[in-house]
Amino acid sequence: MTKKYDFLIVGAGYAGAVCARQLADAGKKVLVLDKRQHIGGNAYDEKDENGVLIHPYGPHIFHTNSKKVFEYLSHFTDWRFYEHRVLARVNGQYYPIPINRLTINKVFGLNLKEEDVEAFLDAKRIPKDSVKTSEDVVLNSVGPELCEMFFRGYTKKQWNLDLSELSAGVAARIPTRTNDDDRYFTDTYQFMPAEGYTVMFEKILDSANIDVNLNVDFLADRDQWSYEKLIYTGPVDAFYDYCYGRLPYRSLSFEHQHLASVESTQTVGTVNYPNEEKFTRITEFKHLTGQNVSGTSIVREYSKAEGDPYYPVPNPNNEALYKKYQEKADSESGVYFVGRLAQYRYYNMDQVVASALSLVEKLI
Ligand code: FAD
Ligand code: UDP
């Protein structure tokens, strides 16, 4: 009997939506399921009750060095140029993050020139022959004082782990600069979708070959669907009923707030609180979106162990456990795993798009 759909895709975030569109354009009939009531996964945005465009699942800033990914998404959105800037608040002072010349001069009360910064850091850093953990990364690049000031506390709050318990890749996301560049990212392409992420996802999924069913948990009743092949973008351990045990995913709570009486509350998109407060950071959305609207909306992020899975937790134990699931996943025929939760990788949006595009290239 022919199946109703060529592909069933679980998840309407980047991984699911990009796969769906590519398969649909290749003539495949696709059904996309999501257990949430909206498309877009964690990148979903919407206007709050005051008309401010917010990101309910935390701030999402698009940046990539991949021309392919940028050009692909450009089929579905116009862009607004935006370079994200972040300050860290420590003892009532604000410092540029990533650490740059200005940060160093302010912390140490110096007036170093760019050409002096390298030598200054050389005297501070603790050189590591082998850089394995996030602590190695930070100590090797800036030494203990800056590590304690900007990294150890933030990391403990975000992961409930010490820097030494996380793989190098986590802290390596934040480089150290000897110049005054205070942008959070230096990628070639740094833009926000002009009308927001959700509008972009609507266009990605807008195809006669794609049906979308929301509010459906695939794992609650897997056998009710008629399809040839499956693409799964949820947590890989849940797919296998946690047969090897639970993969740790870090969750967050978001405290959204609208401030009607001010136009802006902070000078940059995000302020990090490495050592003060219970939350890790505050983001003010108008910086990201450039929206011209009265009042302003912010979000505070609180990290937690339980709840919706948002981050894989990169360390050797978890990576070893994931490998067991990955072997099981790789041995499937007609079932494919893609995305941040399914591949247990600390992927940015562009990396998920790239991963989804390459999966579909293999499938068609
Ligand atoms: P998701 O977006 O998680 O989508 C998976 C979907 O699958 C979800 O909608 C889920 O509901 C659905 N699903 C899961 N299980 C089931 C099931 N059983 N049945 C039905 N549906 C199911 N990236 C950047 O590039 N820049 C940023 O600034 C940035 N900021 C971030 C900030 C935060 C707080 C977080 C958490 C992430 C951030 N990211 C950022 C990463 C970005 O969110 C991800 O890379 C991307 O959204 C992952 O897409 P995905 O499709 O793999 O997963
Ligand atoms: N980090 C830190 N201090 C900072 C910013 C980042 O210690 O001011 C560390 C922390 O461990 C964090 C990681 O670097 O989880 C990655 O930061 P990023 O801003 O990329 O996190 P995301 O936006 O993915 O939550």
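Please read these numbers as outputs of a predicted model, since none were measured by experiment.

*Asks:* Explain the site of ligand 1 to me, using residue names and the numbers behind them.
*Replies:* Neighbouring ligand 1 are 31 residues, the closest being Asp-34, His-60, Ile-61, Asp-217 and Met-349. The contact in question runs from a nitrogen atom of ligand 1 to an N or O atom on the backbone of Pro-59, over 2.9 Å. Arg-340 places a main-chain nitrogen or oxygen 2.9 Å from an oxygen atom of ligand 1. Relative to its unbound accessible area of 1000 Å², ligand 1 is 96% covered by the protein chains. Looking at the shell around ligand 1, its residues break down into 16 nonpolar, 9 polar and 6 charged.

*Asks:* Please give an account of the site of ligand 2 that cites residues and values.
*Replies:* Taken together, 15 residues are adjacent to ligand 2, and Trp-159, Arg-173, Tyr-184, Tyr-311 and Tyr-346 come closest. Tyr-311 places a polar side-chain atom, nitrogen or oxygen, 2.5 Å from an oxygen atom of ligand 2. Protein chains bury 94% of the 520 Å² of accessible surface belonging to ligand 2 in isolation. The element contributing the most residues to the shell around ligand 2 is helix 6 (residues 144-159), with 6 residues. Class assignment of the residues belonging to the shell around ligand 2 gives a composition of 10 nonpolar, 3 polar and 2 charged.

*Asks:* How would you summarise the sheet that holds strand 6 (residues 79-81) if you had to cite specific residues and measurements?
*Replies:* Taken together, the 3 strands give an open sheet; going across it, the order is 5-9-6, and neighbouring strands pair in antiparallel fashion. Taken across any chain shown, the strands that pair with only one partner, and hence form the sheet edges, are strand 5 (62-64) and strand 6. Within this sheet the neighbouring strands show an average axis-to-axis angle of 40 degrees, counted without direction. Pairing geometry for strand 5 and strand 9 (residues 189-193), over 3 bridges, is antiparallel. Across the sheet, the residue bridging to Thr-64 is Tyr-189, located in strand 9.

*Asks:* So what's going on with the nonpolar core? Which residues, and what values?
*Replies:* Burial of nonpolar side chains together is a common tendency in soluble globular proteins. Ranked by size, the top nonpolar core spans 76 residues in total, and within it Ile-9, Tyr-14, Leu-73, Phe-150, Tyr-197 and Ile-231 carry the most contacts. Counting residues in each nonpolar core, the second largest holds 37 residues, with Tyr-5, Tyr-232, Leu-247 and Tyr-346 among its members.

*Asks:* Tell me about helix 12 (residues 349-363), and name the residues and values.
*Replies:* Since the α-helix advances by 3.6 residues per turn, residues separated by three or four positions end up pointing in the same direction. The end-to-end C-alpha distance of helix 12 is 21 Å, a good match for the 21 Å that 15 residues give at a rise of 1.5 Å each. For helix 12, the full list of buried residues reads Met-349, Asp-350, Val-352, Val-353, Ser-355, Ala-356, Leu-357, Leu-359, Val-360 and Leu-363.

*Asks:* Any chance you could break down unusual backbone geometry for me, citing the residues and the numbers?
*Replies:* Going from Ile-97 to Pro-98, the amide bond is cis rather than trans, its omega being 0 degrees. Mapped onto the elements of the fold, Pro-98 is located in the loop between strand 8 (93-97) and helix 3 (101-108). Phi at Asn-91 takes a positive value of approximately 50 degrees, unusual for a residue other than glycine. Checked against the element boundaries, Asn-91 lands in the loop between strand 7 (86-90) and strand 8. Since its relative accessible area comes to 70%, Asn-91 is described here as exposed. With a phi close to 50 degrees, Tyr-344 is a non-glycine residue in the positive phi region. Along the chain, the position of Tyr-344 falls in the loop between strand 17 (335-337) and helix 12.

*Asks:* I'd like a description of the packing of aromatic side chains, backed by residues and values.
*Replies:* Applying the stated criterion to the full structure yields 27 aromatic pairs. Judged by centre distance (6.3 Å) and plane angle (50 degrees), the ring pair of Tyr-57 and Tyr-310 falls under tilted. On the criterion of sequence distance, the pair formed by Tyr-57 in the loop between strand 4 (53-54) and strand 5 and Tyr-310 in the loop between strand 15 (296-304) and strand 16 (311-312) is long-range, its members being 253 residues apart. With relative accessibility at 18%, the residue Tyr-57 sits in the buried group. Here Tyr-184 and Phe-185 contribute two aromatic rings whose centre-to-centre distance is 5.1 Å and whose plane-to-plane angle is 80 degrees, an arrangement assigned as edge-to-face. You can call Tyr-184 buried: its relative accessible area is 18%. These aromatic residues form a ring-pair network of at least three members: Phe-62, Phe-70, Trp-79, Phe-81, Tyr-189 and Phe-191. Across the ring face of Tyr-95, the terminal group of Lys-106 is positioned such that the distance to the ring centre comes to 5.3 Å. Directly above the aromatic system of Phe-279 lies the positively charged group of Arg-300, at a separation of 5.7 Å from the ring centroid.

Each value, and the rule that gives it
Residues numbered from 1 in each chain as written. Chains lettered and ligands numbered in written order. Predicted model: local features only at pLDDT ≥ 70, side-chain atom pairs only at ≥ 80, totals over all residues. Heavy atoms only, no water. Near = heavy atom within 4 Å. Polar contact = N/O pair within 3.5 Å; in protein donor to acceptor, adjacent residues only side chain to side chain. Areas by Shrake-Rupley, 256 points an atom, 1.4 Å probe, with all protein chains shown as cover. Nonpolar A, V, L, I, M, F, W, Y, C, P; charged D, E, K, R; others polar. Helix = DSSP H or I, 4+ residues; strand = E, 2+ residues; numbered from the N terminus. Pairing = 2+ DSSP bridges. Axes fitted to C-alpha atoms, helices over the stretch in contact; angles between N-to-C directions. Core = buried A, V, L, I, M, F, W, Y, C linked by side-chain atoms within 4.5 Å. Buried < 20%, exposed > 50% of the residue type's maximum accessible area, 1.4 Å probe, protein only. Expected span 1.5 Å × (residues − 1). Phe/Tyr/Trp six-rings, centres within 6.5 Å; stacked < 30°, edge-to-face > 60°. Lys NZ or Arg CZ within 6 Å of the ring centre and 35° of its normal.

Coordinates in, geometry out; function isn't part of it.
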